[in-house]
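Report on the structure
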Amino acid sequence: ADAAAPPLTGHTDEVRAVSYSPCGAFLLSCSDDATAIIHKGASPQEPGETLRGHQDPVRCGAWASSGLRVATGGDDASVRLWDVARS
């Protein structure tokens, strides 16, 4: 059997969606706490940049093919675009 992945941290409610960046170096997590967090892929248990702006749970997230932007969708009937350019 496969070993379980380490837990994600930084959210205060259930995580509903996760997505790796195109380069595989970052992980986006979306949560019922109305936030999305970008974690370093090698250390997903250490929270990175928190994306705040939704008023209700964030249900989905996706990376642009360039890896420079993220789109998140929430129960507040909004889709938000985030510039997440990485050095």
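The paragraphs below set out a description of the structure included in this document. Along each chain, residue indices are assigned from 1 in the same order as the chain's sequence is written. Residue-level local features of this predicted model are given only where pLDDT is at least 70; pairs of side-chain atoms are given and counted only at 80 or more, and the full residue set underlies all totals for whole chains, interfaces and linings. Hydrogens and waters are ignored; side-chain quantities use all the structure's heavy atoms.

Description of the side chain of Ser31
With respect to the helices and strands, Ser31 occurs in strand β2 (residues 26-31). Side-chain atoms alone can form a polar contact between residues adjacent in sequence; in general such a contact is a pair of N or O atoms within 3.5 Å, and within protein one must be able to donate a hydrogen while the other accepts it. In terms of polar contacts, Ser31 uses its side chain to reach the backbone carbonyl oxygen of Asp13, at 3.3 Å. Only DSSP runs of H or I reaching four residues or more are called helices, and only runs of E reaching two or more are called strands; each is numbered from the N terminus.

Some thoughts on the sheet that holds strand β5 (residues 58-63)
Strands are labelled as partners when DSSP assigns at least two bridges between them. Pairing within the open sheet is antiparallel, and its three strands lie in the order β5-β6-β7. Two strands lie at the open edges of the sheet, namely β5 and β7 (79-83), each paired on one side alone. Adjacent strand axes in the sheet meet at a mean angle of 20° when their direction is disregarded. Summarising the sheet, strand β6 (residues 69-74) and β7 pair through five bridges and their orientation is antiparallel. The residue bridging Ala71 from the neighbouring strand is Leu81, located in β7. Simply put, an axis is a line fit to the C-alpha atoms, just over the touching stretch for a helix, and the angle between two N-to-C directions goes from 0 to 180 degrees.

Quick word on the pattern of salt bridges
A side chain of one charge can pair with a side chain of the opposite charge if their charged atoms are brought near each other. Throughout this description, the term salt bridge denotes a Lys or Arg side-chain nitrogen within 4 Å of a carboxyl oxygen of Asp or Glu. Evaluated as defined, the whole model comprises four salt bridges. Across the pair Arg16 and Glu14 runs a salt bridge whose closest N-O atoms are separated by 3.6 Å. Relative accessible area decides the class of each residue, using a 1.4 Å probe on protein chains only: under 20% of the type maximum gives buried, over 50% gives exposed, and in between gives partly exposed. Residue Arg16 is classed as partly exposed on the basis of its relative accessible area, which comes to 41%. The partner of Asp32 in a salt bridge is Arg16, with the nearest N and O atoms 2.9 Å apart. Taken together, the positions of Asp32 in the loop between β2 and β3 (35-40) and Arg16 in strand β1 (residues 15-20) put the pair 16 residues apart, joining distant regions of the chain.

Here we look at the nonpolar core
Counting residues in each nonpolar core, the largest one holds 12 residues, listed as Ala17, Phe26, Leu28, Cys30, Ala36, Ile38, Leu51, Val58, Trp63, Val70, Trp82 and Val84. Among the elements of the structure, β2, β3 and β5 are those that each provide at least two residues to this core. Per element, the largest residue contribution to this core is three residues, and it comes from β2. Only heavy atoms matter for contacts: two residues are in contact if any of them lie within 4.5 Å across the pair. Not counting residues up to four positions away in its chain, the partners in contact with Ala17 are Leu28, Ser29, Cys30, Arg59 and Cys60. Residues belong to a common nonpolar core when they are buried Ala, Val, Leu, Ile, Met, Phe, Trp, Tyr or Cys residues joined through side-chain atoms within 4.5 Å.

What about the side chain of Ser21?
Along the polypeptide, Ser21 turns up in the loop between β1 and β2. Filtering out sequence-adjacent residues up to four positions away, Ser21 remains in contact with Phe26 and Trp63.

Brief notes about unusual backbone geometry
In the Ramachandran plot, Ala34 falls in the positive-phi region, its phi being about 70° despite a non-glycine side chain. Note that Ala34 resides in the loop between β2 and β3. Notably, Ala77 is not glycine yet its phi reads approximately 65°, a positive angle. Note that Ala77 resides in the loop between β6 and β7.

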